[in-house]
Amino acid sequence: MRRLLGLVALACVTGCDFGTLDSLSQDDPEQGSEEVTGQARAVWNAYDKPDDAVKRAVADLEGVLGRAEALTSERPLKLKIGDLTPTELRAVGLDARDPTIPQGMLVAPELECPLDQIEKLVVAKNQTEIYPKLYDSYTRTYTSNVQDFLARKVPTATWTTEYQASAIGNTYVATLSGGARRVPGAAPDGKDVLLARTYLNAPAKFSTAGDAEFNQDYQIELYWERTPGKTLHFYGLWREFRIASLTSEADLYVSLVLGNLVDFDVRTTKVCKDGAPAATF
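Predicted, not measured: the structure shown is a model, and the values here were computed from it.

Rules and cut-offs
- Residues numbered from 1 in each chain as written.
- Predicted model: local features only at pLDDT ≥ 70, side-chain atom pairs only at ≥ 80, totals over all residues.
- Heavy atoms only, no water.
- Helix = DSSP H or I, 4+ residues; strand = E, 2+ residues; numbered from the N terminus.
- Rg over C-alpha atoms; globule rule 2.2 N^0.38 Å.
- Buried < 20%, exposed > 50% of the residue type's maximum accessible area, 1.4 Å probe, protein only.
- Contact = heavy atoms within 4.5 Å.
- Areas by Shrake-Rupley, 256 points an atom, 1.4 Å probe, with all protein chains shown as cover.
- Lys, Arg positive; Asp, Glu negative; His and termini not counted.
- Charge placed at Lys NZ, Arg CZ, Asp CG, Glu CD.
- Disulfide = S-S within 2.5 Å.
- Salt bridge = Lys/Arg side-chain N within 4 Å of Asp/Glu carboxyl O.
- Expected span 1.5 Å × (residues − 1).
- Core = buried A, V, L, I, M, F, W, Y, C linked by side-chain atoms within 4.5 Å.
- pLDDT = per-residue confidence, 0-100.
- Polar contact = N/O pair within 3.5 Å; in protein donor to acceptor, adjacent residues only side chain to side chain.
- Pairing = 2+ DSSP bridges.

**Q** Please explain the overall build of the protein as it appears in this structure.
**A** Check the secondary structure of the protein and you find nine helices and 12 strands. On C-alpha atoms alone, the protein measures out to a radius of gyration of 18 Å, which is about the 19 Å that the 2.2 N^0.38 rule sets for 281 residues. With respect to the principal axes defined by its C-alpha atoms, the protein has extents near 50 × 40 × 40 Å. Out of the 281 residues in the protein, the part that is buried amounts to 55%. Look at the contacts in the protein between residues 6 or more apart in sequence, and 70% of them connect residues 24 or more apart. Carbon together with sulfur atoms contributes 51% to the accessible area of the protein, which is approximately 11600 Å² in total. Each charge class in the protein was averaged separately, 30 positive and 39 negative side chains, and the resulting centres sit 4 Å apart.

Have a look at this one:
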């Protein structure tokens, strides 16, 4: 039991920007189709592209999700997905890394929260208040004018994050680049979408002498308020992590992360409904 609890802690800590878990979720991971992988890659590729490219990239999102759901009983979707490519990593200046090593994962839950409120939670500086008990320390520094973004004067916000986390006697510091982008009219029904992208700039630095490494992490998110107050969260990530013999490719690791990602959105819905803690910038 102590070993299992340690693995649970590991799965929680190694999520770059997802928060505290109110309960343990663990589900056997299923392999998603090539189409689902292609959709996740398309959203990643479209992040820096013109608005029309984003619209084209997500035009069949409902169809992709519907066909994926027809192949599994999982609700919401929780899937393993295929690799990124050097082209995808080149977009963030990291094409020297091997994209075949990180394990791809994807969830697609629906949040009971309007897009405008989710936007504030995504870009907020006080992530440790919104999602407590996850990091030893956490600092988000904006590298653009976040107030202009929230006021719709500019379409994007950017930031860097440095955090320290511990798991099973291993402590590390990681530095991330993050950002969010509002794209008017890009959803399949003509509504706005919110994109968010996060990636690990360099391998995390471990301060302990344990046998562990955290070398790659890439995350892409798409939020779309399909009906009033109900927002799809399409969330793909690719991660290379290892501690002793447990790697991010292991089904145990994947299943814990997928379940906990869904729990993260349960927490987001609760914060949204309660209106607390409020996002600060």
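**Q** Looking at this model, I keep getting lost on the state of the cysteines. Mind explaining?
**A** A disulfide bridge is the covalent bond that connects two cysteines by way of their sulfur atoms. Using the criterion set out here, one finds one disulfide in the structure. There is a disulfide in this structure between Cys113 and Cys272, and the S-S distance comes to 2.1 Å. With the S-S bond torsion at 85°, the cross-link from Cys113 to Cys272 turns out right-handed. One end of the pair, Cys113, is in the loop between β4 (110-111) and α6 (115-123); the other, Cys272, is in helix α9 (residues 251-274), with 159 residues separating them in the sequence. Given a relative accessible area of 1%, Cys113 falls into the buried group. By relative accessible area, which is 13% here, Cys272 ends up buried.

**Q** What should I look at first to understand the pattern of salt bridges in this one?
**A** According to the stated counting rule, one finds 21 salt bridges in the structure shown. Its salt-bridge partner being Asp116, residue Arg182 comes within 3.0 Å of it at the nearest N-O pair. Of this pair, Arg182 sits in strand β7 (residues 170-183) while Asp116 sits in helix α6; the two residues are 66 residues apart in sequence, bridging distant segments of the chain. Given a relative accessible area of 38%, Asp116 falls into the partly exposed group. A salt bridge links Lys191 to Asp189; its shortest N-O distance comes to 3.6 Å. You can call Lys191 partly exposed: its relative accessible area is 33%. Ionic contacts of the salt-bridge type, sharing partners, join the residues Asp116, Glu119, Arg152, Arg182 and Asp192 into one network.

**Q** Just to check I follow, could you spell out helix α2 (residues 34-46) for this structure?
**A** An α-helical segment advances 3.6 residues per turn. Residues three or four places apart therefore align on the same side. Between its terminal C-alpha atoms α2 stretches 18 Å, which fits the 18 Å expected from 13 residues at 1.5 Å a residue. Listed in full, the buried residues belonging to α2 are Val36, Thr37, Gln39, Ala40, Val43, Trp44 and Ala46.

**Q** Just to check I follow, could you spell out unusual backbone geometry for this structure?
**A** One can expect most non-glycine residues to show negative phi and most peptide bonds to be in trans. Following Arg75, the chain continues into Pro76 via a peptide bond in cis, with omega recorded as -5°. As for its position among the elements, Pro76 is in the loop between α4 (61-70) and β2 (77-81). Unlike most non-glycine residues, Lys133 shows phi in positive territory, near 65°. In this structure Lys133 comes out as exposed when scored by relative accessible area, which is 83%. Here the phi dihedral of Arg152 falls at roughly 70°; this positive angle occurs in a residue that is not glycine.

**Q** Would you mind going over the nonpolar core with me for this structure?
**A** Where a protein is soluble and globular, its nonpolar side chains tend to be buried together. If you look at the biggest cluster of nonpolar residues, it comprises 35 residues, and the most contacted ones within it are Leu61, Val193, Tyr218, Leu222, Phe234 and Trp238. Taken together, the elements giving at least two residues each to this core come down to α2, α3 (51-57), α4, β2, β3 (103-108), β8 (193-200), β10 (212-227) and β11 (230-243). If we ignore the near neighbours within four places in the chain, the residues touching Val193 are Val54, Arg181, Arg182, Val183, Ala186, Ala187, Leu222, Tyr223 and Trp224. One finds Tyr135, Tyr172, Phe214 and Val262 within the second-largest nonpolar core, a separate group that totals 25 residues.

**Q** Even after reading the chapter, I still don't get the confidence of the model for the protein, so can you show me in this structure?
**A** Low pLDDT means the predicted coordinates in that region are not meant to be read closely. Mean pLDDT over the protein stands at 89; residues scoring 70 or higher make up 90%. Note on residues 1-25: pLDDT is under 50 here. Beyond four places in sequence and across chains, it has 78 contacts.

**Q** I would appreciate a short explanation of the environment of Glu225 in the present structure.
**A** Considering the arrangement of structural elements, one finds Glu225 in strand β10. Linking Glu225 and Glu112, residues 113 residues apart in sequence, is a C-alpha distance of 9.5 Å. Discounting residues that sit within four places of it in the chain, Glu225 has contacts with Pro114, Leu115, Lys191, Lys230 and Thr231. Among the polar contacts listed, one links the side chain of Glu225 to the backbone nitrogen of Gly229, at a separation of 2.7 Å.

**Q** Honestly, the pairing of β8 in this entry has me stumped. Any pointers?
**A** Regular strands have side chains that alternate between both faces of the sheet. Counting buried residues along β8, eight of its eight residues qualify, which places the element largely inside the surrounding structure. Residues Val193, Leu195, Arg197 and Tyr199 line one face of β8 and the alternating positions Leu194, Ala196, Thr198 and Leu200 line the opposite face, and both faces are buried. Taken together, the eight bridges between β7 and β8 define a ladder with antiparallel strand orientation. Paired with Gly178 across the two strands is Thr198, which belongs to β8.

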